[in-house]
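Examining the three-dimensional arrangement
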Amino acid sequence: MKKIFTSIAFTCLISGFAIAQQHEEPAAKNNQPITKSRVLQVDSSVTTKHTVTIKGKVIPYSATAGTMPIWDEDGRPVAGVFYTYYERDDIADKSNRPLVISFNGGPGTPSVWMEIGYTGPRLLNIDDEGYPVQPYGISENKNSILDVADIVYIDPVNTGYSRIVNKETPGSKFYGVNEDIKYLAEWINTFVTRKNRWASPKFLIGESYGTTRVSGLALELQEAQWMYLNGVILVSPTDLGIERSGPVQAALKLPYFAATAWYHKALAADLQQKELTDFLPEVENFTINELIPALSRGGFIDDAQRMAMAAKMARYSGLSEKVILDNNLDVSYDLFWKELLRDKGFTIGRLDSRYKGIDRQTSGVSPDYNAELSAWLHAFTPAINIYLRNDLNYKTDLKYNMFGNVWPWDDKNDHTGENLRQAIAQNPSLHLLIQSGYFDGACDYFNAKYSLWQLDPSGRLKDRLKWEGYKSGHMMYLRKEDLSIATENLRKFIEESIPKAGQPSKY
């Protein structure tokens, strides 16, 4: 998700937690509210009972909203991590019941997006293409994966209701690629132990920066927590620290440009009449076989070839040959978002290029704002605040951070793609699924394919690696048709990633 800077205090006001049902976590007794003001209760929870109808079947479940601590080396709590945990009630034996551990990205954003937009039992009110509608709120998610797996949604420090509680603790303990992975692995160990889920098949799912997070966690859980997974799901993945620069980085954008131009009907008639998935392989082949070699010659490419490349790129991207030549065959994402519909007075969205925006002036080289993110915050922010307070009975005066201040973020030494490869190599039972939206310009689909190809240079793991594309953007599940297809694919992936009883994990 887009990086947004928000100023927040470490000491926050909490009042009136309604404790509906108490488990093993320390909290208020006898359904009485927690009354400590201006103190984050780092270890507390509230549990409520619900049902949801999925695929025509009524599923009873418990929803627990609460916080669990992060401890320092001396065992003192330094932060409270907020989570929501959905557990199906009519299954007594959890040893075969999958547990899905869910993260979103940012890196400063909570797990709200997939919780009430994708896999959870409640779905925010939006139209069939994902645009906000009023009245705000939620309804049943008839496509939730709660029928096949229990789910915990985790908000990293300073996102959602999660906070640092010891003002002497530096943010650098949490705010970095490897710091994030380390403390969250410890937290997951605590959660799995408390909830008695060590026997359960386990899956990590992450979206956007959450894919960096879960890719690193796959290995960290194995090597530091001795916890072995069955599956990792990457929704709209980042580059995972996999090297791409120069001609490769410049060229890989073109298939996304082509998909977006197709959506906005900016292509020639013969291309426009093709189905998207029939058209894109042509662009992908050109990108790999012609454009990368041409760009590798830099300024020494001959004029005839330069013109030929510009003509073909213009045909596939909907941009003019002049714009492409003026930018030395390397048009930036920002310029593309500003340029494609410039003559119609619109910009297009970064995370989902189906969305249109209006700038102060049509000139310039980048949009004034992200049209899609404004629409999503419009829909998600009231929905999650209503849902947590009214449905899950989590009463607090804390601000729910849709984007929290986690800067400066240490992004050095990002080897999460290699970490994921190593985890899969070490664990013969571990499978990978990647889901991408064709109209996502932040974590574009062809870069996701490239990461998949580079993830396993040996080619010996590829039977456990899979990629899927959808006709939407970064949060492809916001489109009603894609929500149905994508959740069904998650069900299949979970089922296929669990070995038969007694089947050994070995090569």
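This text goes with the structure placed above it.
The shown structure was predicted, so the numbers you read here are calculated from the model rather than taken from an experiment.

Cut-offs used in this document
- Residues numbered from 1 in each chain as written.
- Predicted model: local features only at pLDDT ≥ 70, side-chain atom pairs only at ≥ 80, totals over all residues.
- Heavy atoms only, no water.
- Buried < 20%, exposed > 50% of the residue type's maximum accessible area, 1.4 Å probe, protein only.
- Helix = DSSP H or I, 4+ residues; strand = E, 2+ residues; numbered from the N terminus.
- Pairing = 2+ DSSP bridges.
- Arc of directions from axis to C-beta.
- Contact = heavy atoms within 4.5 Å.
- 1 Å grid on protein atoms, 1.4 Å probe; cavity = no way out; pocket = protein on both sides within 12 Å on 5 of 7 lines; lining within 4 Å.
- Points joined across faces, edges and corners; volume = space filled by probe spheres on them.
- Nonpolar A, V, L, I, M, F, W, Y, C, P; charged D, E, K, R; others polar.
- Core = buried A, V, L, I, M, F, W, Y, C linked by side-chain atoms within 4.5 Å.
- Expected span 1.5 Å × (residues − 1).
- Polar contact = N/O pair within 3.5 Å; in protein donor to acceptor, adjacent residues only side chain to side chain.
- Axes fitted to C-alpha atoms, helices over the stretch in contact; angles between N-to-C directions.
- Parallel < 35°, antiparallel > 145°, perpendicular 65-115°, else oblique.
- Left-handed = near helix turned anticlockwise from the far one by under 90°.
- Phe/Tyr/Trp six-rings, centres within 6.5 Å; stacked < 30°, edge-to-face > 60°.
- Salt bridge = Lys/Arg side-chain N within 4 Å of Asp/Glu carboxyl O.

A separate point is the pairing of strand E10 (residues 231-237). Summarising burial for E10: seven of the seven residues are buried, a large majority. The pairing of strand E9 (residues 202-208) with E10 spans six bridges and is parallel. Looking at the pairing, Leu-204 lines up with Val-232 of E10. The pairing of E10 with strand E13 (residues 431-437) spans five bridges and is classified as parallel. Counterpart to Val-232 in the pairing with E13 is Leu-432.

Before going further, it helps to spend a moment on helix H12 (residues 416-426). All of the buried residues along H12 are Thr-416, Gly-417, Asn-419, Leu-420, Ala-423 and Ile-424. In a view along the axis of H12, the buried residues occupy a sector of 160°, so they form one face of it. At its buried positions, H12 is contacted by helix H2 (177-194), helix H3 (209-224), E10, E13, helix H13 (445-455) and strand E14 (465-470).

A word on the layout of surface pockets. Rolled over the atoms, a probe sized like a water molecule indicates the empty space that remains. Volume-wise, the largest pocket comes out at about 830 Å³. Taken together, 36 residues form the lining of the largest pocket, with Thr-238, Asp-239, Arg-350, Ala-442 and Cys-443 sitting closest to its centre. Those elements that place two or more of their residues in the lining of the largest pocket are H3, helix H4 (246-251), helix H10 (333-339) and H13. For the lining of the largest pocket, the residue count by class is 15 nonpolar, 11 polar and 10 charged.

Along strand E2 (residues 57-71), 11 of the 15 residues are buried, which leaves the element largely enclosed by surrounding structure. As judged from the 11 bridges shared by strand E1 (residues 44-54) and E2, these two strands associate in the antiparallel manner. Counterpart to Thr-47 in the pairing with E2 is Thr-64. The hairpin turn running from E1 into E2, its antiparallel successor, is two residues long, and Lys-55 in that turn takes a positive phi close to 55°. Relative to strand E3 (residues 77-88), E2 runs antiparallel, the two sharing 11 bridges. Paired with Met-68 across the strands is Val-81, a residue of E3.

Quick look at the nonpolar core now. If you look at the biggest cluster of nonpolar residues, it comprises 97 residues, and the most contacted ones within it are Ile-188, Phe-279 and Leu-432. Dropping the residues within four chain positions of it, Leu-432 is found in contact with Val-232, Leu-234, Leu-420, Ile-424, Leu-452, Leu-455, Arg-464, Leu-465, Lys-466 and Phe-493. One finds Ala-65, Tyr-86, Trp-113 and Trp-376 within the second-largest nonpolar core, a separate group that totals 58 residues.

Our focus in this paragraph is helix H14 (residues 480-497). Given a rise of 1.5 Å per residue, 18 residues ought to cover 26 Å, and the 26 Å separating the end C-alpha atoms of H14 matches this to within 8%. Looking only at H14, the buried set comprises Asp-482, Leu-483, Ala-486, Thr-487, Asn-489, Leu-490, Arg-491, Phe-493, Ile-494 and Ser-497.

A word on the environment of Glu-115. Note that Glu-115 resides in helix H1 (residues 112-117). Under the relative-accessibility criterion, Glu-115 is labelled buried at 4%. As for Glu-115 and Val-152, which are separated by 37 residues in sequence, their C-alpha atoms are 9.0 Å apart. Here Thr-84 takes part through its side chain, which lies 2.7 Å from a polar atom of the side chain of Glu-115. In this structure the side chain of Glu-115 is engaged in a polar contact, spanning 2.5 Å, whose partner is the side chain of Tyr-86.

Here H2 crosses H3 at 60°, and the two axes come no closer than 9 Å. As far as their axial angle goes, H3 and H2 are oblique. Seen from above, H2 lies across H3 with right-handed handedness. Two secondary-structure elements touch here, H2 through Val-177, Asp-180, Ile-181, Lys-182, Leu-184, Ala-185 and Ile-188 and H3 through Tyr-209, Thr-212, Arg-213, Gly-216, Leu-217, Glu-220 and Leu-221. Broken down by class, the residue content of the contact of H2 with H3 amounts to eight nonpolar, two polar and four charged.

Once that is clear, we can look at the packing of aromatic side chains. For the coordinates displayed, the defined rule picks out 33 aromatic pairs. Between Phe-257 and Phe-336, the ring centres sit 4.1 Å apart and the planes meet at 15°, which makes this aromatic pair stacked. Taken together, the positions of Phe-257 in helix H5 (residues 254-263) and Phe-336 in helix H10 put the pair 79 residues apart, joining distant regions of the chain. Like Phe-336, Phe-257 is buried. Their ring planes at 85° and their centres at 6.0 Å tell us that Tyr-355 and Trp-376 sit as a pair that is edge-to-face. Here the residue Tyr-355 occupies a position in the loop between strand E11 (347-348) and strand E12 (356-357), and Trp-376 occupies one in helix H11 (residues 371-391), the gap between them amounting to 21 residues. Of the residues examined, Tyr-355 reaches a relative accessible area of 2% and is grouped as buried. Take Trp-376: its relative accessible area is 1%, and that puts it in the buried class. Three or more aromatic residues joined by ring pairs form one cluster here, namely Tyr-256, Phe-257, Tyr-333, Phe-336 and Trp-337.

Taken as a whole and assessed by the stated rule, the structure comprises 34 salt bridges. With a closest N to O distance of 3.1 Å, Lys-142 and Glu-140 form a salt bridge. Between Glu-284 and Lys-449 there is a salt bridge; the shortest N-O distance is 3.3 Å. With Glu-284 in helix H7 (residues 276-296) and Lys-449 in helix H13, this pair connects stretches of sequence that are 165 residues apart. Side by side, Glu-284 and Lys-449 carry an identical accessibility label, which is buried. Through salt bridges with shared partners, one network takes in Glu-129, Asp-352, Arg-354, Arg-479, Glu-481 and Asp-482.

This part covers unusual backbone geometry. Between Gly-106 and Pro-107 the backbone carries a cis peptide bond, its omega angle lying at 20°. With respect to the helices and strands, the residue Pro-107 is situated in the loop between strand E4 (99-103) and H1. Gln-134 connects to Pro-135 through a cis peptide bond whose omega is 5°. For Pro-135, the position within the fold is in the loop between strand E5 (122-124) and strand E6 (138-140).

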